[in-house]
Amino acid sequence: GFPGVTGFELSRQFREHANKLGARVVQDEVVQVELSGNVKKVVCEEETYEARCVILASGAHHRTLEVPGEEELRGAGVSYCATCDGAFFRDQEVVVNGGGNSALEEANYLTQFASKVNIIIRRDVFRADSIVQNAIKDNPKITVVTKHVPVRVVDDGMRVTGLVIRNVDTNVETEMKTHGIFPYIGLDPATSFLEGLGILDERGYMIVDENCETKAKGIYGAGDVIAKKLRQVVTATNDGAIAAQHAFHEIKGI
């Protein structure tokens, strides 16, 4: 949404702004979060920090296809966010890999821009809800390729030009021409250090209320790490603002 500003540059500006306001930035790895009365302990590899309130924004990692060319072409045709990058593929063919709700919803969304959307799934049936499947059935821009898996990403030295796929029954490989590849095979939240606290759902995401606070008083979540529908910069900063304001009021006793 900001022409000429990359995600890296935007995050750098966020950090500079925080520094100017007196925030202390420490680079360390969190090992564990301990709940000990009103004082919370954040145990890191090099030091342990104590606080009345803790806001956790450790994010989530996209599961990758783990095929040659994927990592090298990330941002040059390989994308994990149709909402963020869909407009870059206007009037071009793209591929969505995955058969769940997210994959089908994003495939449907991409038809606003792309000339054609190919959905590739390993099986011959979708895992998505029926209502989501029905939404793509009548879309003339969408083609479903069943019983195939990605093998490698093809490029021209600069950008994605195709994707080699393999039939799981015959092992025959074919190259599908495409300008964009959108893997939607799931997210893994970075919450292993929170296990056992009773604040995670069955998928490992933090469960928070309208104040972005967990049932453990003083522990907040913000961004991709919490259980929610839309994961974007704009929603993450919204979570952070809500959590910070509520934490401030708690500490001040307001």
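Each remark here, short or long, concerns the structure printed above.
Remember, predicted model here, so these are calculated numbers, not experimental data.

Concerning helix 3 (residues 101-110)
Because the α-helix completes a turn every 3.6 residues, residues three or four places apart line up on one side. Every buried residue of helix 3 is listed here: A103, L104, E106, A107 and L110. Buried residues along helix 3 cover an arc of 165° about the axis, so they all sit on one side. Buried residues along helix 3 sit against helix 2 (82-85), strand 6 (93-97), strand 7 (116-120), helix 4 (130-137), strand 8 (142-145) and strand 12 (180-183).

Quick notes on the pattern of salt bridges
According to the stated counting rule, one finds nine salt bridges in the structure shown. Put simply, D188 and R63 hold a salt bridge, and the shortest N to O gap is 3.0 Å. Taken together, the residues span a long stretch of sequence, with D188 in strand 13 (residues 187-189) and R63 in the loop between strand 5 (60-62) and helix 2 at a distance of 125 residues. Under the relative-accessibility criterion, D188 is labelled partly exposed at 34%. By relative accessible area, R63 is classed as partly exposed at 39%. Here R74 ties to E71 by a salt bridge, and the two come within 3.1 Å at their closest N and O atoms. Look at R74 and you get partly exposed, because its relative accessible area is 43%. Counted as one network, the salt bridges with shared partners bring together E9, R12 and E16.

Some thoughts on a negative patch on the surface
A cluster of like negative charges, contributed by E29, E45, E46 and E47, occupies part of the molecular surface. In this fold, E45 is placed in the loop between strand 2 (39-44) and strand 3 (48-51). By relative accessible area, which is 57% here, E45 ends up exposed.

Thresholds applied
Residues numbered from 1 in each chain as written. Predicted model: local features only at pLDDT ≥ 70, side-chain atom pairs only at ≥ 80, totals over all residues. Heavy atoms only, no water. Buried < 20%, exposed > 50% of the residue type's maximum accessible area, 1.4 Å probe, protein only. Helix = DSSP H or I, 4+ residues; strand = E, 2+ residues; numbered from the N terminus. Arc of directions from axis to C-beta. Contact = heavy atoms within 4.5 Å. Salt bridge = Lys/Arg side-chain N within 4 Å of Asp/Glu carboxyl O. Patch = residues over 30% accessible without salt bridge, like charges linked within 9 Å, V, L, I, M, F, W, Y side chains within 5 Å. Areas by Shrake-Rupley, 256 points an atom, 1.4 Å probe, with all protein chains shown as cover. Lys, Arg positive; Asp, Glu negative; His and termini not counted. Charge placed at Lys NZ, Arg CZ, Asp CG, Glu CD.

Taken by themselves, the reported measurements are silent on function.
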